[in-house]
Structure formats: C-alpha cells, structure tokens
Amino acid sequence: MNKVVLLGRLTNDPEVRYTQSGKAVAGFTLAVNRFSGQGQKEADFIPCVAWEKLAEIIGNNVSKGQRLLVTGRLQIRSYEATDGTKKRVAEIIVNEMEFIEKRAAEHDSGNDDPNPFCGQVMPEEEIPF
C-alpha cells in the first residue's frame, strides 16, 4: 500500500501550469515538522504535485505560509537532465487536500462568522411555533 498523509505549510505559492493536452498541474512544496531525538523541531521540505481540478483549486485558493493537509501517494521518477545526467525525484502525488486555516486575507476581513451564508438566528423564545 502506498499512502502518504502530510500536514505542513506551503513554502511558496503553488505553481500552476497546463500540459499540451490542457490538463492543469500544480506543483508546491510543503514544510512538514518533525522532532529530533533531542526534542528539537526540524522540517522536511516535501515536493507535491496535484493534477486537473484539484490543481486548479490549489492554485486559486492556497498561498505561501498556509497550512494544508494532503493525502496522496509517493512517486519516484527518473529523467535525464539537460546536461545528460540521470536524475531521480521523489514527490507526493496529491489525491485529496484539506484547508487547515483560512488565507491571511480572510483573517483580515474582520468577518469571524464561521458560516457567512446563514442569517441571524432568533432566540428560542421568539420562534413563532
């Protein structure tokens, strides 16, 4: 079974591009904390790739510093660099993503209502039935 779950912060804004066939692909790096044996916090910087609709959602709604929870699989691929050397890359192919916190702009808007689409609820004694 090849399943990876990561919780981390984006090191940069996601980079979204499109393949020749028109598929969206988003690349980003997550900084994921880990604790060393002496209790000190260290970080691993893990490259992630999302495809198609998920890539567009990430590109439009996620920015540097934001926390994300991603689920996916580890993929190791090989390619030949322009100088002719063979390279290997390990990356997470993202299948699912969850927002852990709001974007900074949403925090600054002053709207702390967790559900801005609902109207004001009347106290129980004012409900007419």
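Quick caveat: nothing in here was measured; it's all calculated off a predicted structure.

A. Looking closely at the overall build of the protein chain. Within the protein chain one finds two helices and six strands. A buried classification covers 26% of the 129 residues belonging to the protein chain. Residue pairs at least 24 apart in sequence account for 57% of intrachain contacts in the protein chain once pairs closer than 6 positions are excluded. Surface exposure of the protein chain reaches about 9600 Å², of which carbon and sulfur atoms provide 49%.

B. Representation of unusual backbone geometry. One non-glycine residue, Glu-52, lies in the positive phi region at around 55 degrees. By the secondary structure assignment, Glu-52 is in helix 1 (residues 52–61). Take Glu-52: its relative accessible area is 43%, and that puts it in the partly exposed class.

C. Molecular detail of the nonpolar core. Counting residues in hydrophobic clusters, the biggest one holds 20 residues, and the most contacted among them are Leu-6, Phe-28, Leu-30, Leu-68, Val-70 and Val-94. Among the elements of the structure, strand 1 (4–10), strand 3 (24–35), strand 4 (41–51), helix 1, strand 5 (67–80) and strand 6 (86–99) are those that each provide at least two residues to this core. Sort the elements by how many residues they give to this core and strand 3 lands first, with five residues. Residue contacts for Phe-28: discarding those within four places in its chain leaves Leu-10, Pro-14, Ile-46, Pro-47, Cys-48, Ile-58, Leu-68, Val-70 and Val-94.

About the criteria used
- Residues numbered from 1 in each chain as written.
- Predicted model: local features only at pLDDT ≥ 70, side-chain atom pairs only at ≥ 80, totals over all residues.
- Heavy atoms only, no water.
- Helix = DSSP H or I, 4+ residues; strand = E, 2+ residues; numbered from the N terminus.
- Buried < 20%, exposed > 50% of the residue type's maximum accessible area, 1.4 Å probe, protein only.
- Contact = heavy atoms within 4.5 Å.
- Areas by Shrake-Rupley, 256 points an atom, 1.4 Å probe, with all protein chains shown as cover.
- Core = buried A, V, L, I, M, F, W, Y, C linked by side-chain atoms within 4.5 Å.

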